[in-house]
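# Inside the fold
Chain by chain, the residues run as shown.
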Amino acid sequence: MVQTCSVAFCKSRKTSSGDLHFFSFPLKNPDLLQHWVSATKKDLFVPNRWSKICSNHFLPRDYRQPPGGTYILKLNSDASLQFVYHHHPNHLLNSKK
Ligand SMILES: [Zn+2]
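Only a predicted model underlies this, so the values are computations on that prediction, with no experimental measurement involved.

It is worth spelling out the confidence of the model for the protein chain at this point. Considering every residue of the protein chain, the mean pLDDT works out to 74; 71% of them sit at 70 or more. pLDDT under 50 marks residues 77-82. Its contacts with residues more than four places away, or in other chains, come to 10 contacts. Low confidence marks residues 91-97, where pLDDT is under 50. Its contacts with residues over four positions away, or in another chain, come to 3 contacts.

As C-alpha cells, this is what we get:
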C-alpha cells in the first residue's frame, strides 16, 4: 500500500526518491494528537497507527534523523507544536484562490 498523507488536500505520497518523510500520529499523547487531528482539516478524522502526516507540514527543525535510522519528530519540544501553523505548503494555499 502506498503511504499517503492524512492532511486534507495534500497529495504527498511516499516516493523512492525519499525526500518526503511520513510521521505517525502521536496516539499516546492526547493533547498533541488533538493538534495533529485539527491540522488534517478533515471532519471526524480518527487517526490509527497507520495514519501519517508528511514532512511538508513540519519545520525541518522539528524532526531529526538518527544515523541510519528513520526520521523522528521531537514531540516533546515546543517547536513540534508549531507545525500546525505550517499545515499547508504554499503551493496548496495558492491553489485555493
Ligand atoms: Zn502532507
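What follows concerns the environment of arginine 13. The topology assignment puts arginine 13 in the segment before β1 (22-24). Overall, the presence of 12 C-beta atoms within 10 Å leaves arginine 13 in the exposed class. For the pair arginine 13 and glutamine 3, spaced 10 residues apart in sequence, the C-alpha separation works out to 5.8 Å. Arginine 13 has contacts with Val2, Gln3 and Thr4, leaving out every residue within four places of it along the chain.

Conventions we followed
Residues numbered from 1 in each chain as written. Predicted model: local features only at pLDDT ≥ 70, side-chain atom pairs only at ≥ 80, totals over all residues. pLDDT = per-residue confidence, 0-100. Contact = placed C-beta atoms within 7 Å. Helix = DSSP H or I, 4+ residues; strand = E, 2+ residues; numbered from the N terminus. Buried ≥ 20, exposed ≤ 12 C-beta atoms within 10 Å, placed from the backbone.

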